[in-house]
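Tertiary structure, described
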Amino acid sequence: MPMLDVPVIDIAPFRDGRDPDGVARAVDRACREIGFLVIGGHGIDPALVDATRATARDFFDLPLAEKRRVARPAPNVARGYIGMEEESVGRSRDPSATAGDLNESLMIGPVDAPDAAYAAAGGAHFAANLWPARPAALRDVWSDYYRAMGGLAAVLMRIFARALDLDERHFDPLIDRHISRLRVRNYPAPATPPLPGQIRAGAHSDYGSLTILCTEDRPGGLQVCNAEGAWRDVPIVPDTFIVNIGDLMARWTNDTWVSTLHRVVNPPAAAGAASRRLSLVFFHNPNYDAPIESLVPGPAKYPPTTSGAHLARLFSTTQNPAAA
């Protein structure tokens, strides 16, 4: 019977060498059957998570005009502030999904630039980060969190390689200049009723290799669509991260692993201020020039592409210019 709920997996036995194969087998099953897992034993300092969340909350509490001083400069540049309803992530799967999502966000990209020639060739994937003047600590804290998530993603990619019967370091040279994004989303408590079909984040799959999410246990949360087509709540477990694979990893595995539809639903109308939710989302993406083609035997379902080309195409489809 396929896995119908998101499992919780302790990855410490991989990190310390006690049972790397056992962790890889558990991760392989989760990626094959539901595409999501909750990881413990990750080694990330809880104080860094708390500081990142605190600076994010301070930023989103600023007046809108001040937040817009670091507004995203163009639809194809994944940096800066995006306001309420300015994006519809569901459009990546359903172009008719026009209602904007009920969240606002602030995005950064790489904080340690590669050599100038490589960065220039990568174009918008290495666009400058837009740092707000307030809170003053945000730049340093978010840079540290970005680096920590990049390190954790590298561990996860080694687990993935072992799970796929590849050399454990197979992905290392493909992610050493990764073009990942840290995107912090604020889901305010609803002030007005939503439009028909409008939710906090529409049904979508993620675009890259994997996503590492730290969120809060508040009303109106994350759901995944399992193999039976049923929406299931993702468990919120203290001192863990939610991890899911994205479309590029599904392509790399020729759909042996699944990039699962997920969404963020609206809270009950009576939830009030308690329904505000803040999510720290690290979208790990391989080097912009990393070739993406099937790693498993058999006819390939997808034409070859690169990480950068795939990500640029999908990000541009989700924007909602009418709301900007």
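The structure we're discussing is the one just above.
Notes on the structure in this doc start here. (Residues numbered from 1 in each chain as written. Predicted model: local features only at pLDDT ≥ 70, side-chain atom pairs only at ≥ 80, totals over all residues. Heavy atoms only, no water.)

A few words on the nonpolar core. Note that soluble globular proteins tend to have their nonpolar side chains buried in a common cluster. Within the largest apolar cluster, 75 residues are counted, with the highest numbers of intra-cluster contacts made by W142, F160, I212 and F241. Those residues within four positions of F241 in sequence are excluded, and the remaining contacts are L37, V38, I39, H42, I44, V49, Y145, M149, L152, I212, L213 and C214. Grouped together as the second largest cluster of nonpolar side chains are eight residues, A119, F126, Y207 and L311 included. (Core = buried A, V, L, I, M, F, W, Y, C linked by side-chain atoms within 4.5 Å. Buried < 20%, exposed > 50% of the residue type's maximum accessible area, 1.4 Å probe, protein only. Contact = heavy atoms within 4.5 Å.)

Taken in spatial order, the four strands make up an open sheet running 6-11-8-9, and their pairing is antiparallel. Since the sheet does not close on itself, it has two edges, and those belong to strand 6 (201-204) and strand 9 (231-233), each with one partner. Within the sheet, the average angular offset between the axes of one strand and its neighbour, ignoring direction, is 20 degrees. By the bridge criterion, three bridges tie strand 8 (residues 222-225) to strand 11 (residues 262-264) in an arrangement that is antiparallel. Note that in strand 11 the partner of Q223 across the bridge is R263. (Pairing = 2+ DSSP bridges. Helix = DSSP H or I, 4+ residues; strand = E, 2+ residues; numbered from the N terminus. Axes fitted to C-alpha atoms, helices over the stretch in contact; angles between N-to-C directions.)

The strand order across the open sheet formed by eight strands is 1-2-10-7-12-5-4-3, and the pairing between neighbours is mixed. Of all the strands in the sheet, the pair left with one neighbour each is strand 1 (8-10) and strand 3 (80-82). For this sheet the average axis-to-axis angle between neighbouring strands, irrespective of direction, equals 25 degrees. Lying on the sheet, helix 3 (residues 46-60) is in contact with strand 3, strand 4 (104-108), strand 5 (181-187), strand 7 (210-214), strand 10 (241-245) and strand 12 (277-284); it crosses strand 12 at an angle near 115 degrees. On top of the sheet, helix 6 (residues 138-163) reaches strand 2 (36-40), strand 4, strand 5, strand 7, strand 10 and strand 12; it is set at about 130 degrees to strand 7, its chief contact.

What follows is about empty space enclosed by the protein. All chains considered together, the criterion is met by four cavities of 30 Å³ or more. Around the largest cavity, the lining comprises 19 residues; the ones closest to its centre are Y187, L213, L222, H262 and V264. Looking at the lining of the largest cavity, the elements with two or more residues in it are strand 5, strand 6, strand 7, strand 10, strand 11 and strand 12. Along the lines of polarity and charge, the residues of the lining of the largest cavity split into nine nonpolar, seven polar and three charged. (1 Å grid on protein atoms, 1.4 Å probe; cavity = no way out; pocket = protein on both sides within 12 Å on 5 of 7 lines; lining within 4 Å. Points joined across faces, edges and corners; volume = space filled by probe spheres on them. Nonpolar A, V, L, I, M, F, W, Y, C, P; charged D, E, K, R; others polar.)

Moving on to unusual backbone geometry. Between R134 and P135 the backbone carries a cis peptide bond, its omega angle lying at -10 degrees. Within the secondary structure, P135 is located in the loop between helix 5 (116-122) and helix 6. Here the phi dihedral of D165 falls at roughly 60 degrees; this positive angle occurs in a residue that is not glycine. Counting through the fold element by element, D165 comes out in the loop between helix 6 and strand 5. Unusually for a residue other than glycine, D239 sits at a positive phi of about 60 degrees. Within the secondary structure, D239 sits in the loop between strand 9 and strand 10. Judged by its relative accessible area of 53%, D239 falls in the exposed class.

Mapped onto the fold, R185 is located in strand 5. Engagement of the side chain of R185 in a polar contact is seen with the side chain of N103, the distance being 3.5 Å. Discounting residues that sit within four places of it in the chain, R185 has contacts with E87, V89, N103, E104, S105, R277, L278, S279 and F283. (Polar contact = N/O pair within 3.5 Å; in protein donor to acceptor, adjacent residues only side chain to side chain.)

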